[in-house]
Amino acid sequence: MWDDINEINIQFDYWNATLSKLPRTRKRVLDQAIYMINSINLADDIQIAETYATAAIHFIGTIKDMVKQDLLDLNIFNEWNISKEQKLVTEDPLLKVLRVIRNYDVHYRTLEYELFDGMMYHIVGENIAQTEDNSLFFEEFTWEEYEKMRPKKKELTPEHLEWFNNQTRYWSVKYICYEAINRYCKYINSFITSMVTEKEK
């Protein structure tokens, strides 16, 4: 089983710098996904909050496609396709489950959420940076629901869903989405840095 998410770092400057040479991906993350994520807790109505959450998940679910197009433009997609970072993006349990959940919403039925009336914390560095009330959480996504999709290729295992549900009992939709962006940027930054290092040799 994978490690639990113990803290979430929200790093807008780092994300912006990482994606500076990837215009499609940058727009998808910084202009679209983050706008929807930040709107979740500003909504006056639960249905509007759910709409923002689902839109954020849809945008995050297509980051991988935007990365591909940007790297094709830079003529380094072949290197990405055989890189350890591409494998990490594909196999990362959070990113994998979120892509499946996005497809679930598109092809099977709308995502379900629940409202938690309490305080939620996220950590930036060593400091508690913010608290929020009435956080929107994922409802449990079960193996039975996944099987109803009748996927041609089962990308997930029961262990994926157990891990994901454990994380989403603690972290709200907003912070799960932030963590997904952080992971994408970490892998992309590692790849771009390795490419620059290789060219300098």
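Residues numbered from 1 in each chain as written. Predicted model: local features only at pLDDT ≥ 70, side-chain atom pairs only at ≥ 80, totals over all residues. Heavy atoms only, no water.

Describing the overall build of the chain
For the chain, the helix and strand inventory stands at 10 helices and 4 strands. The order of α-helices and β-strands along the chain, N terminus first, is α-α-α-α-α-α-α-β-β-β-β-α-α-α. Sequence-distant contacts, at least 24 apart, represent 72% of the contacts inside the chain between residues at least 6 apart. Split by element, the accessible area of the chain, about 11,100 Å² in all, is 47% carbon and sulfur. (Helix = DSSP H or I, 4+ residues; strand = E, 2+ residues; numbered from the N terminus. Contact = heavy atoms within 4.5 Å. Areas by Shrake-Rupley, 256 points an atom, 1.4 Å probe, with all protein chains shown as cover.)

Notes on the packing of helix α2 (residues 23-39) against helix α4 (residues 63-73)
Across the interface, α2 lies against α4 with an axial gap of 7 Å and an inter-helix angle of 155°. When the interaxial angle is binned, α2 and α4 end up roughly antiparallel. Contact with α2, carried on its side by Pro23, Arg24, Thr25, Arg28 and Val29, involves Ile63, Met66, Val67, Gln69, Asp70 and Asp73 of α4 and no other residues of that element. When its residues are assigned to classes, the contact of α2 with α4 shows 5 nonpolar, 2 polar and 4 charged. (Axes fitted to C-alpha atoms, helices over the stretch in contact; angles between N-to-C directions. Parallel < 35°, antiparallel > 145°, perpendicular 65-115°, else oblique. Nonpolar A, V, L, I, M, F, W, Y, C, P; charged D, E, K, R; others polar.)

Remarks on the pattern of salt bridges
Any two side chains of opposite charge can pair, so long as their charged atoms come close to each other. Taken as a whole, this structure holds 6 salt bridges when the rule is applied. With its nearest N and O atoms 3.0 Å apart, the salt bridge here joins Arg183 to Asp92. Remark: Asp92 occurs in the loop between α6 (84-91) and α7 (93-107) and Arg183 occurs in helix α10 (residues 173-200); sequence separation between them is 91 residues. Classification of Asp92 as buried rests on a relative accessible area of 5%. One network of salt bridges, in which partners are shared, links Arg24, Asp70 and Asp73. (Salt bridge = Lys/Arg side-chain N within 4 Å of Asp/Glu carboxyl O. Buried < 20%, exposed > 50% of the residue type's maximum accessible area, 1.4 Å probe, protein only.)

Considering unusual backbone geometry
The phi angle at Asn75 is positive, at roughly 60°, despite the residue not being glycine. You can see Asn75 is positioned in the loop between α4 and α5 (77-81).

Brief notes about the packing of α7 against helix α9 (residues 158-170)
For the pair α7 and α9, the least separation of the axes is 10 Å and the interaxial angle reads 95°. Put simply, α7 runs roughly perpendicular to α9. In contact with Pro93, Leu94, Lys96, Val97, Leu98 and Ile101 of α7, α9 contributes His160, Leu161, Trp163 and Phe164. Its residues assigned to classes, the contact of α7 with α9 shows 8 nonpolar, 1 polar and 1 charged.

Comments concerning the packing of aromatic side chains
Within this structure, the stated rule accounts for 11 aromatic pairs. Pairwise contacts between aromatic rings join Phe12, Trp15, Tyr170, Trp171, Tyr175 and Tyr178 into one cluster. (Phe/Tyr/Trp six-rings, centres within 6.5 Å; stacked < 30°, edge-to-face > 60°.)

Focus: the nonpolar core
Counting 57 residues, the largest nonpolar core has Ile60, Phe164 and Ile181 as the members making the most contacts within it. Elements with a minimum of two residues in this core: α2, α3 (46-61), α4, α5, α7, β4 (135-138), α9 and α10. Of the residues forming this core, the biggest block, 13 residues, is contributed by α10. What Ile60 contacts, discounting residues up to four positions off in sequence, is Ala33, Ile37, Leu98, Cys177, Ala180, Ile181 and Tyr184. (Core = buried A, V, L, I, M, F, W, Y, C linked by side-chain atoms within 4.5 Å.)

So, the confidence of the model for the chain
Counting all residues, the mean pLDDT for the chain is 86, and 87% of those residues have values of 70 or more. No element of the chain has a lower mean pLDDT than strand β3 (residues 127-132), at 44, and none a higher one than α6, at 97. Across residues 118-131 the pLDDT falls below 50, and counting only partners more than four positions away or on other chains, this stretch makes 38 contacts in the model. (pLDDT = per-residue confidence, 0-100.)

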